[in-house]
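Coordinate inspection notes
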Amino acid sequence: MNRDVFLNDTTLRDGEQAPGVAFTTAEKLELAESLAAAGVPEIEIGTPIMGADEIETIRTAVARRLPARLMAWCRMKARDLDAAIECGVGAVNLSLPASDIQLAAKLGLDQAGALQAIEDMVRRAAAHGFFVAVGCEDASRADGDHLARVIETAARAGASRVRLADTVGVLDPFSTFELVAQLMTKSEIDLEFHAHNDLGLAAANTLAAIRAGARHASLTVLGLGERAGNAALEEVAAAMAVIDGADTGIELSALPDLAAQVARAARRQIAVTKPVVGADVFTHESGTHVAGMLKDSRAYQGLDPALVGRCPRIVIGKHSGATAIARMLNENGRDLDPHLAAAVVARVRRKAGEIKSTLTSAQLVELYDGMCSEARIADLAGLGQLCDAPSGCTVVRAGRHQ
Ligand SMILES: CC(=O)SCCNC(=O)CCNC(=O)[C@H](O)C(C)(C)COP(=O)(O)OP(=O)(O)OC[C@H]1O[C@@H](n2cnc3c(N)ncnc32)[C@H](O)[C@@H]1OP(=O)(O)O
Ligand SMILES: O=C(O)CCC(=O)C(=O)O
């Protein structure tokens, strides 16, 4: 099912709001280049009201004429808009809380005051020629009727899109679907969804919002962002391709390098389990999996690693079986003696437990060669079969290896 979905990357805005993350100007520019090169159609490039350095960085990015729309994030304030004007960007996201909690706590505003602020600021931005999106911070906890009025007011005042933010990450895919589907019935304006990952549901919620009709999703590379972060660009882009067969325009094979670049600039590690880009996500150890995969790689790969520029990897560890071990030995010029297979599997298992790791091919070869020598000695001594003893000794059991 093909969908017309546009991804907005906010690594350089919400991503940089992650604790301790501070991109240099050079990093921001390189990241913007890479995002655009990867096919991201819209980049939330920064927050102009942060000051002269941010404005200068954004101006430089604008001057590069990247093949992506650059959008500046602004509070619903004239001076934020003035700062965006200084940057030379063509698009702004004007943000105002939608929930009563935040309106009261942050701004001392009621719903009517919020609608008035939106009306005034959107008109002002549109009159200046900006592409205007309105960001509804904390939309997930907002009063539904007020949210509908916000959307209507924004559209009437000249906004082209409304962003619904699950600012504190309290939605699940079902409630997200319901929220977006409900709002879709009330207005023609494009909706965008911006998720937070406090409950680990950001990517799922984003997909639910898209299913419900949102045509835009706000994402960050690696899910970098406030607290537990945002929905990850790489996860959503890959999921859209695999599940919906949708073309988001993102070059999926560019995602691992993009993730590495963001991790470096953010001084963050990429978890080995991070979907799509983590070191181990296409690595297989379990014996039954490897035996199946060697016959048909689809047996244990729902996401084809080639789609995202990755290769599958088989490792030898505590859960390996004879098929995987034979294969790695074979790659290293040895044929696994079928009489030794069970003992080798057991010895590998014990070794992996001792080193609490996978075995390198050199370790496996050394272990196997050692066992072959033991077997030969046992043969010569007429003692019998190599067996696996429970506690680390090299042993022979009567009756064997002939
Ligand atoms: C959920 C999100 O991620 S929204 C993104 C928010 N991003 C950031 O906060 C990162 C960048 N922020 C900053 O650099 C600074 O906070 C600035 C430049 C925006 C403002 O700095 P300061 O003037 O020192 O204000 P401070 O941060 O202490 O307080 C925030 C002010 O913004 C106001 N404000 C907050 N959100 C909004 C909004 N959406 N619209 C209008 N005003 C807002 C608050 O009422 C408060 O105003 P006050 O100073 O008159 O009380
Ligand atoms: O209002 C917006 O643009 C979204 C701001 C944001 O990052 C959030 O609410 O989490």
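Residues numbered from 1 in each chain as written. Chains lettered and ligands numbered in written order. Predicted model: local features only at pLDDT ≥ 70, side-chain atom pairs only at ≥ 80, totals over all residues.

1. Notes on the overall build of the protein
Operational definition: A run of DSSP states H or I qualifies as a helix once it reaches four residues; a run of E qualifies as a strand once it reaches two. Both are numbered from the N-terminal end. For the radius of gyration, the atoms used are the C-alpha atoms, and the globule rule reads 2.2 Å times the number of residues raised to 0.38. The exposure scheme places C-beta atoms from the backbone and then counts, for each residue, the other C-beta atoms within 10 Å of its own, assigning buried at 20 or more, exposed at 12 or fewer, and partly exposed in between. Residue pairs qualify as contacts under a 7 Å threshold applied to their C-beta atoms, which are placed from the backbone.
Assigned secondary structure in the protein consists of 14 helices and twelve strands. The C-alpha atoms of the protein give a radius of gyration of 28 Å, which is well past the 21 Å a tight globule of 402 residues would have. Projected onto the principal axes, the alpha-carbon positions of the protein cover approximately 95 × 40 × 40 Å. In the protein, buried positions account for 42% of the 402 residues. Sequence separation of at least 24 residues holds for 69% of the intrachain contacts in the protein that already meet a minimum separation of 6.

2. Observations regarding the site of ligand 1
Quick note on the threshold: Here, nearness is defined through the C-beta atom: a residue counts as near a molecule or strand if that backbone-placed atom lies within 6 Å of it. By the convention adopted, Pro, Cys, Tyr, Trp, Phe, Met, Ile, Leu, Val and Ala count as nonpolar, Lys, Arg, Asp and Glu as charged, and the other residues, Gly among them, as polar.
Inspection of the region around ligand 1 gives 15 residues, with Met50, Arg75, Met76, Lys77 and Leu96 positioned closest. Breaking the shell around ligand 1 down by element, the ones donating at least two residues are strand E4 (91–97) and helix H4 (100–107). Across the shell around ligand 1, the residue classes break down as five nonpolar, four polar and six charged.

3. As for the site of ligand 2
The local shell around ligand 2 consists of Asp14, Asn93, Ser95, Gly135, Glu137, Arg163, Ala165, Thr167, His194 and His196. Among the secondary structure elements, those contributing two or more residues to the shell around ligand 2 are E4, strand E5 (131–137) and strand E6 (161–165). Considered class by class, the residues forming the shell around ligand 2 number one nonpolar, six polar and three charged.

4. A look at the nonpolar core
Selection rule: By definition, a nonpolar core groups buried Ala, Val, Leu, Ile, Met, Phe, Trp, Tyr and Cys residues that are joined through C-beta atoms within 7 Å.
Core analysis: the biggest nonpolar cluster contains 96 residues, and Val92 and Val236 have the highest contact counts within it. Considering each element in turn, this core owes the most residues, seven residues, to helix H8 (residues 202–211). Aside from chain neighbours lying at most four places away, what touches valine 236 is Leu7, Ala203, Thr206, Leu207, Ala217, Leu219 and Ala231. In terms of nonpolar packing, the next biggest core, distinct from the first, is built from 14 residues, Val290, Ile325, Ala352 and Leu364 among them.

5. Things to note about the packing of helix H1 (residues 25–37) against helix H2 (residues 52–63)
Applied cut-off: Note on geometry: axes are C-alpha line fits, over the in-contact stretch for helices, and angles between N-to-C directions span 0 to 180 degrees. Handedness of a crossing is defined here by the sense of rotation of the near helix relative to the far one, left-handed for an anticlockwise turn of less than a right angle and right-handed for a clockwise turn.
Orientation of H1 relative to H2, taken along the N-to-C sense of each, is 35°, at an axis distance of 10 Å. Pair H1 / H2 crosses with right-handed handedness. Between H1, through Thr25, Lys28, Leu29 and Ala32, and H2, the contact on the second element is made entirely by Thr57, Thr60 and Ala61. Each residue belonging to the contact of H1 with H2 can be placed in one class, and the counts come to three nonpolar, three polar and one charged.

6. So, the pairing of strand E2 (residues 42–46)
When a strand is regular, its side chains alternate between the sheet's two faces. Short version of the rule: When DSSP locates at least two bridges between a pair of strands, those strands are taken to pair. Looking down the strands as they point away from you, a crossover is right-handed if its path from the first strand over the helix to the second goes clockwise.
Across the five residues of E2, five count as buried, placing the element largely inside the fold. Both strand E1 (residues 6–9) and E2 contribute to a ladder of two bridges, which runs parallel. Bridged to asparagine 8 within E2 is glutamate 42. Between E2 and its parallel partner strand E3 (residues 69–75), the chain crosses via H2, and the hand of that crossover is right-handed.

7. Some thoughts on the UniProt feature "domain: Pyruvate carboxyltransferase" (unreviewed entry) in the protein
Cut-off, in case you're wondering: UniProt positions are given in the numbering used here, feature names are shortened, and annotations may be inferred rather than shown by experiment.
UniProt records the feature "domain: Pyruvate carboxyltransferase" (unreviewed entry) at residues 5–256, using the numbering of this structure. Within the segment residues 5–256, helix and strand shares are 44% and 17% respectively, and the terminal C-alpha atoms sit 21 Å apart.

8. Section: the packing of helix H12 (residues 322–331) against helix H14 (residues 361–381)
Quick reminder of the rule: Should an angle fall under 35 degrees it is called roughly parallel, over 145 degrees roughly antiparallel, and 65 to 115 degrees roughly perpendicular, with every other angle called oblique.
H14 packs onto H12 with a crossing angle of 100° between their chain directions and a minimal axis gap of 10 Å. The angle between the axes of H12 and H14 places the two elements in the roughly perpendicular class. Here Ile325, Met328 and Leu329 of H12 come into contact with H14, specifically with Ser361, Leu364 and Tyr368. When grouped by side-chain class, the residues that make up the contact of H12 with H14 number five nonpolar, one polar and no charged.

9. Some words on the environment of alanine 83
Within the secondary structure, alanine 83 is located in helix H3 (residues 78–87). Residue classification places alanine 83 among the buried positions, given that 21 C-beta atoms sit within 10 Å. Note: C-alpha distance between alanine 83 and alanine 126 (43 residues apart in sequence) is 15 Å. The contacts of alanine 83, once residues within four sequence positions are left out, are Pro48, Ile49 and Ile55.

10. Some thoughts on the sheet that holds E6
The strand order E1-E2-E3-E4-E5-E6-E7-E8 describes a closed barrel built from eight strands, whose pairing is parallel. Mean inter-strand twist for the sheet, computed between neighbouring axes without regard to direction, equals 25°.

11. Re unusual backbone geometry
Not every positive phi belongs to a glycine, and aspartate 138 is a case in point at roughly 60°. Relative to the helices and strands, aspartate 138 resides in the loop between E5 and helix H6 (144–157). Even without being glycine, valine 276 reaches a positive phi, approximately 75°. Here valine 276 falls in the buried class, since 25 other C-beta atoms lie within 10 Å of it.

12. Overview of helix H10 (residues 255–266)
Defined as follows: Take the number of residues in a helix, subtract one, and multiply by 1.5 Å to get its expected span. The directions from the helix axis to the C-beta atoms are what the arc is built from.
With twelve residues, H10 should reach 16 Å at 1.5 Å per residue; the first-to-last C-alpha distance of 16 Å fits that figure. Of the residues making up H10, those classed as buried are Leu255, Leu258, Ala259, Val262, Ala265 and Ala266. For H10, the arc enclosing every buried residue in end-on projection is 130°, short of the 170-degree limit, so these residues lie on one face. In the stretch just after H10, arginine 267 is the one whose phi turns positive, near 55°.

13. Section: the confidence of the model for the protein
As a reminder, the rule being used: Values of pLDDT, which run from 0 to 100, indicate the predictor's confidence residue by residue.
Summary statistics for the protein give a mean pLDDT of 94 and a share of 94% for residues scoring 70 or more. In this model, residues 387–402 is a region of pLDDT below 50 whose contacts with residues beyond four sequence positions or in other chains number 28 contacts. Taken over the whole predicted complex, pTM reads 0.93, whereas the ipTM for its chain interfaces reads 0.98.

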